[in-house]
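Summary of the model geometry
Spelled out, the chains give:
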Amino acid sequence: MPSAPNVSVRVDAWLWAVRIYKTRSAATAACRGGHVRVNRAPAKASTPVKVGDRVDAFAERARILEVKAVIDKRVGAAVAATCFVDTSPPVPIKKRLPPVFVREPGSGRPTKRERRELDKLRRR
């Protein structure tokens with residue numbers, strides 16, 4: 001459960017506990033790679049985080065989080081969502097075009113694999 005406001009915890013443990021990264025080692029690797037900032041300063045994995053800090057993390061997209069509660073153990077998603085305020089920009093919407101499969105003229109009869117790929121494309 002959330003701790004007292006004057007307690008701090010490592011940033012990699014906090015990012016893992018609030019489910020931004022799937023594993024603690026992934027959070028540590030993100031810190032080493034420069035994908036995590038605490039109060040706009042580059043953060044090592046051992047950088048302490050306390051209530052009121054701003055954490056910028058890049059996990060599949062840019063995330064800007066304000067720490068509301070400090071936790072060091074992984075909790076359920078509903079509890080984890082109460083431990084931070086997400087002020088990230090909205091997720092960009094990607095328009096996907098349908099795949100186009102073109103066979104070269106004179107390339108012969110399609111193989112079994114190519115036939116299955118054609119069938120998958122036609123079913124969509």
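Here we summarise the structure given alongside this text. (Residues numbered from 1 in each chain as written. Predicted model: local features only at pLDDT ≥ 70, side-chain atom pairs only at ≥ 80, totals over all residues. Heavy atoms only, no water.)

This next bit is on the overall build of the protein. A count of helices and strands for the protein gives four helices and seven strands. When its helices and strands are written in sequence order, the protein yields β-α-α-β-β-β-β-β-α-β-α. For 124 residues, the compact-globule formula gives about 14 Å, and the C-alpha radius of gyration of the protein, at 22 Å, lies well above that figure. Taken across its 124 residues, the protein has 30% of its residues classed as buried. (Helix = DSSP H or I, 4+ residues; strand = E, 2+ residues; numbered from the N terminus. Rg over C-alpha atoms; globule rule 2.2 N^0.38 Å. Buried < 20%, exposed > 50% of the residue type's maximum accessible area, 1.4 Å probe, protein only.)

Of note, Asp 12 is situated in helix 1 (residues 11–17). Among the residues examined, Asp 12 registers a relative accessible area of 1% and is labelled buried. With sequence-adjacent residues up to four places away left out, Asp 12 is seen in contact with Arg 24, Ala 27, Thr 28, Cys 31 and Ala 45. (Contact = heavy atoms within 4.5 Å.)

Looking now at a positive patch on the surface. On the surface, Arg 109, Lys 112, Arg 115, Arg 116, Lys 120 and Arg 123 cluster together to form a positively charged patch. With respect to the element layout, Arg 123 can be found in helix 4 (residues 112–123). (Patch = residues over 30% accessible without salt bridge, like charges linked within 9 Å, V, L, I, M, F, W, Y side chains within 5 Å. Areas by Shrake-Rupley, 256 points an atom, 1.4 Å probe, with all protein chains shown as cover. Salt bridge = Lys/Arg side-chain N within 4 Å of Asp/Glu carboxyl O. Lys, Arg positive; Asp, Glu negative; His and termini not counted. Charge placed at Lys NZ, Arg CZ, Asp CG, Glu CD.)

Describing an aromatic ring pair means giving the distance of the ring centres and the angle of the ring planes. One pass over the structure, following the stated rule, counts one aromatic pair. Where Trp 14 meets Phe 84, the ring centres are 6.3 Å apart and the plane angle is 80°; that geometry is what we call edge-to-face. Placement of Trp 14 in helix 1 and of Phe 84 in strand 7 (residues 84–86) is noted, with a sequence separation of 70 residues between them. Comparing Trp 14 with Phe 84, the two get one shared label, buried. (Phe/Tyr/Trp six-rings, centres within 6.5 Å; stacked < 30°, edge-to-face > 60°.)

Looking at the secondary structure, you find Thr 28 in helix 2 (residues 24–32). Distance in space between the C-alpha atoms of Thr 28 and Trp 16 is 9.2 Å, their sequence separation being 12 residues. Excluding anything up to four places from it in sequence, Thr 28 contacts Asp 12 and Ala 45.

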